[in-house]
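Listed below, chain by chain, are the residues.
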Amino acid sequence: MRGDDHDSATIHQWMTAAVEQAERSWRQGGIPIGAVLVDPRGTVVAAGHNERVQSGDPTAHAEVVCVRHAGRRRDWSTLTLVSTLSPCPMCAGTAILFRIPRVIIGEHQTFMGAEDWMRARGIDLTVLHDDRCIALMERLQRDQPDLWAEDIGA
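Residues numbered from 1 in each chain as written. Predicted model: local features only at pLDDT ≥ 70, side-chain atom pairs only at ≥ 80, totals over all residues. Heavy atoms only, no water.

What to know about the sheet that holds strand β2 (residues 44-49)
Spatially, 5 strands are ordered β2-β1-β3-β4-β5 in an open sheet, and the strand pairing comes out mixed. The open sheet has two edge strands with one neighbour each: β2 and β5 (124-127). Between one strand axis and the next, the sheet turns by 15° as a mean value, whatever way the strands run. (Pairing = 2+ DSSP bridges. Helix = DSSP H or I, 4+ residues; strand = E, 2+ residues; numbered from the N terminus. Axes fitted to C-alpha atoms, helices over the stretch in contact; angles between N-to-C directions.)

As for the nonpolar core
Residues Leu37, Trp76, Leu81, Val103, Met118 and Ile123 are the most contacted members of the largest nonpolar core, which totals 32 residues. Among the elements of the structure, β1 (34-38), α3 (62-70), α4 (89-97), β4 (102-105), β5, α6 (131-143) and α7 (145-151) are those that each provide at least two residues to this core. Residue contributions to this core peak at 5 residues, all from α3. With sequence-adjacent residues up to four places away left out, Trp76 is seen in contact with Leu37, Val67, Ala70, Gly71, Phe98, Arg99, Ile100 and Pro101. In this structure, Ala18, Ala22, Val82 and Ile104 belong to the second largest nonpolar core, which totals 12 residues. (Core = buried A, V, L, I, M, F, W, Y, C linked by side-chain atoms within 4.5 Å. Buried < 20%, exposed > 50% of the residue type's maximum accessible area, 1.4 Å probe, protein only. Contact = heavy atoms within 4.5 Å.)

Some thoughts on the pattern of salt bridges
Taken as a whole, this structure holds 11 salt bridges when the rule is applied. Two residues, Arg68 and Asp57, come together in a salt bridge whose shortest N-O distance is 3.6 Å. Within this pair, whereas Arg68 is found in helix α3, its partner Asp57 is found in the loop between α2 (52-55) and α3, the two being separated by 11 residues in sequence. What makes Arg68 partly exposed here is its relative accessible area of 45%. When the shortest N-O distance is used, the salt bridge between Arg73 and Asp75 registers 2.7 Å. (Salt bridge = Lys/Arg side-chain N within 4 Å of Asp/Glu carboxyl O.)

What follows is the structure in structure tokens.
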């Protein structure tokens, strides 16, 4: 069973897990972006949140941290990446590199990542327009505009 075979309630649960990761980062003083990887059965096999501020590592975006937490695997091509925000070029490249076939995006209203590139490389994208995800990024942009600018390289 692929990620696209799951119902909307299950996909909502996955996004809830990613939102929980984003909130964890915010509570730690970081950027509120979260991600999870899901196997074909629908089980979350790894989770991560943006740790750029906490670790001082500019590559510690949520999707990259999530992939790091997944460890060495041979089943990347069966997994679904779920992220609260449209993946930037680095995170999109991570999905492309590991041949992750499906990415579910919480929102791309506040930031449009490298979606065209992922689609061009055959990744199936679903954008949920999730109000929780939009609120996370609007809060960051309102309360920490300098941190937001730093995160997107502005």
